[in-house]
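As a plain string of letters, each chain reads:
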Amino acid sequence: MAIKKVKRKKLNIKRLILLLLILYLIIMICYAIISMPIKNIYIRNTRLIKDNEIIEIAGIKNYPGIFKISSKKMEENIKKLDLVSSVKVKKKIWGKIIITVEEAKPLFYNRNEEKIVLSNMKRVSPSNKYLGIPTLVNYVPNDLLENFIKAFSIIDNDIIGMINEIKYNPDIAGDIVIDNNRFLLSMNDTNLVYVNTLNMKRLNDYKKVMGTIGDARGTLYLDSYNSNNSLFTQFENQDTDVNNDDKKDDENAGDSDNDGRED
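Quick look at the structure, then. If you're wondering where the values come from, they're calculated on a predicted model, not measured in any experiment. (Residues numbered from 1 in each chain as written. Predicted model: local features only at pLDDT ≥ 70, side-chain atom pairs only at ≥ 80, totals over all residues. Heavy atoms only, no water.)

### A short note on the pattern of salt bridges
What the rule picks out here adds up to 4 salt bridges. When the shortest N-O distance is used, the salt bridge between arginine 123 and glutamate 113 registers 3.1 Å. Taken together, the residues span a long stretch of sequence, with arginine 123 in strand 6 (residues 123–124) and glutamate 113 in the loop between strand 4 (106–110) and strand 5 (115–118) at a distance of 10 residues. Given the relative accessible area of 33%, glutamate 113 is considered partly exposed. (Salt bridge = Lys/Arg side-chain N within 4 Å of Asp/Glu carboxyl O. Helix = DSSP H or I, 4+ residues; strand = E, 2+ residues; numbered from the N terminus. Buried < 20%, exposed > 50% of the residue type's maximum accessible area, 1.4 Å probe, protein only.)

Okay, here's the thing in structure tokens:
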């Protein structure tokens, strides 16, 4: 019986070296990418928050490796800033990071709380960063205040900057509450505006409405449930201010009370 000889394959040294070289290059490329430091940081949509505040709290002040800190971790850190409503971090090739921030708006200074109220419901201590916003001068029940903040947050920044004072001023006739969501705004141009949370967005048309009125000064009523009705009554005396208007309200309330007693 003949014995068959088994041929052994010779090891191809050249192919082995080439394979090891390719494997080495792949490992080195992966290591280089993982170790690549952050080279460029782009921060978008910020107005009040300084770039260095975001960079520091994100943990990338010293430009670490771009893959040594996750995008999610950076977002969580940045959200700790009071003025941040939302944030999105994107990593790009060659060490580029793009941080897109949605800032909360400073809405008003709450005199009772001695805090600045932001559109994301946060309260912060007053500083020069928040100049040009109105003051809420009196107490507002918590549930109504929350509704007011939500409604007021849609108002344009330039309109907010035109408001001097905000006063909670529910519409009451005798013992009947007609509208407990009404506010009285004292404008920097000396006009007064009544508005409620339901019609708050109409306040964005303030300049347009006043443009049709001209130089007259008076009270603009935007609290009507008829959205097409913007009643304006001119002051009898151009020096009339919010205090005089309050006196009229008190007098009217007094008349209503007297009528009630006489009945």
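What follows picks up the thread again.
### Points about the pairing of strand 11 (residues 182–187)
A large share of strand 11 lies buried, amounting to 6 of its 6 residues. The two faces of strand 11 match: Arg182, Leu184 and Ser186 on one face and Phe183, Leu185 and Met187 on the other face are all buried. Across 5 bridges, strand 8 (residues 163–168) lies against strand 11 in antiparallel orientation. Bridge pairing in strand 11 places lysine 167 opposite leucine 184. Across 5 bridges, strand 11 lies against strand 12 (residues 192–196) in antiparallel orientation. If you follow serine 186 over to strand 12, its bridge partner there is leucine 192. (Pairing = 2+ DSSP bridges.)

### What about the pairing of strand 3 (residues 96–103)?
Bridging between strand 1 (residues 40–44) and strand 3 involves 5 bridges; their strand directions are parallel. Each residue of the ladder has a partner; that of tyrosine 42, found in strand 3, is isoleucine 98. Two elements, strand 2 (residues 84–92) and strand 3, share 8 bridges in a ladder whose sense is antiparallel. Note that in strand 3 the partner of valine 84 across the bridge is glutamate 103. Hairpin connection, strand 2 to strand 3: the antiparallel pair is bridged by 3 residues, and tryptophan 94 has positive phi, about 65 degrees.

### Here's the deal with the packing of helix 2 (residues 51–58) against helix 3 (residues 71–78)
The contact between helix 2 and helix 3 brings their axes to 8 Å, and the two run at 125 degrees. When the interaxial angle is binned, helix 2 and helix 3 end up oblique. Judged by the twist between their axes, the crossing of helix 2 over helix 3 is right-handed. Facing helix 2, whose interface residues are Ile54, Ile57 and Ala58, helix 3 presents Met74, Asn77 and Ile78. (Axes fitted to C-alpha atoms, helices over the stretch in contact; angles between N-to-C directions. Parallel < 35°, antiparallel > 145°, perpendicular 65-115°, else oblique. Left-handed = near helix turned anticlockwise from the far one by under 90°. Contact = heavy atoms within 4.5 Å.)

### Thoughts on unusual backbone geometry
With the exception of glycine, most residues fall at negative phi, and the peptide bonds are largely trans. Of note in the backbone geometry, tyrosine 63 takes a positive phi value of approximately 50 degrees without being a glycine. Tyrosine 63 sits in the partly exposed class, given a relative accessible area of 37%. Positioned with a positive phi, methionine 121 is a non-glycine residue whose angle comes to about 75 degrees.

### Brief notes about helix 3
The complete set of buried residues in helix 3 reads Met74, Glu75, Asn77 and Ile78. Buried residues along helix 3 cover an arc of 165 degrees about the axis, so they all sit on one side. Buried residues in helix 3 make contact with helix 2, strand 2 and strand 3. (Arc of directions from axis to C-beta.)

### Side note on the packing of aromatic side chains
This model, assessed by the stated rule, comprises 6 aromatic pairs. Taken together, a centroid distance of 5.7 Å and an interplanar angle of 55 degrees make the contact between phenylalanine 108 and phenylalanine 148 tilted. Remark: phenylalanine 148 occurs in helix 4 (residues 142–152) and phenylalanine 108 occurs in strand 4; sequence separation between them is 40 residues. Note on accessibility: phenylalanine 108 and phenylalanine 148 belong to one class, buried. Summarising the aromatic geometry, the rings of phenylalanine 148 and phenylalanine 152 are spaced 5.1 Å apart at their centres and angled 15 degrees between planes, so their arrangement reads as stacked. Placement of the pair is phenylalanine 148 and phenylalanine 152 together in helix 4, with a separation of 4 residues, close to one helical turn. (Phe/Tyr/Trp six-rings, centres within 6.5 Å; stacked < 30°, edge-to-face > 60°.)

### Let's talk about the sheet that holds strand 3
Strand order in the open sheet formed by 3 strands is 1-3-2, and the pairing between neighbours is mixed. Of all strands in the sheet, those with a lone pairing partner are strand 1 and strand 2, marking the two edges. Across the sheet, the axes of successive neighbouring strands diverge by a mean angle of 15 degrees, strand direction being ignored. Where helix 3 meets the sheet, its contacts fall on strand 2 and strand 3, and the angle it forms with strand 2 comes to roughly 155 degrees.

### Digging into a positive patch on the surface
A surface patch of positive charge is lined by Arg44, Lys79, Lys88, Lys90 and Lys92. Element by element, the count of residues in the positive patch is highest for strand 2, at 3 residues. When you line up the elements, lysine 92 lands in strand 2. (Patch = residues over 30% accessible without salt bridge, like charges linked within 9 Å, V, L, I, M, F, W, Y side chains within 5 Å. Areas by Shrake-Rupley, 256 points an atom, 1.4 Å probe, with all protein chains shown as cover. Lys, Arg positive; Asp, Glu negative; His and termini not counted. Charge placed at Lys NZ, Arg CZ, Asp CG, Glu CD.)

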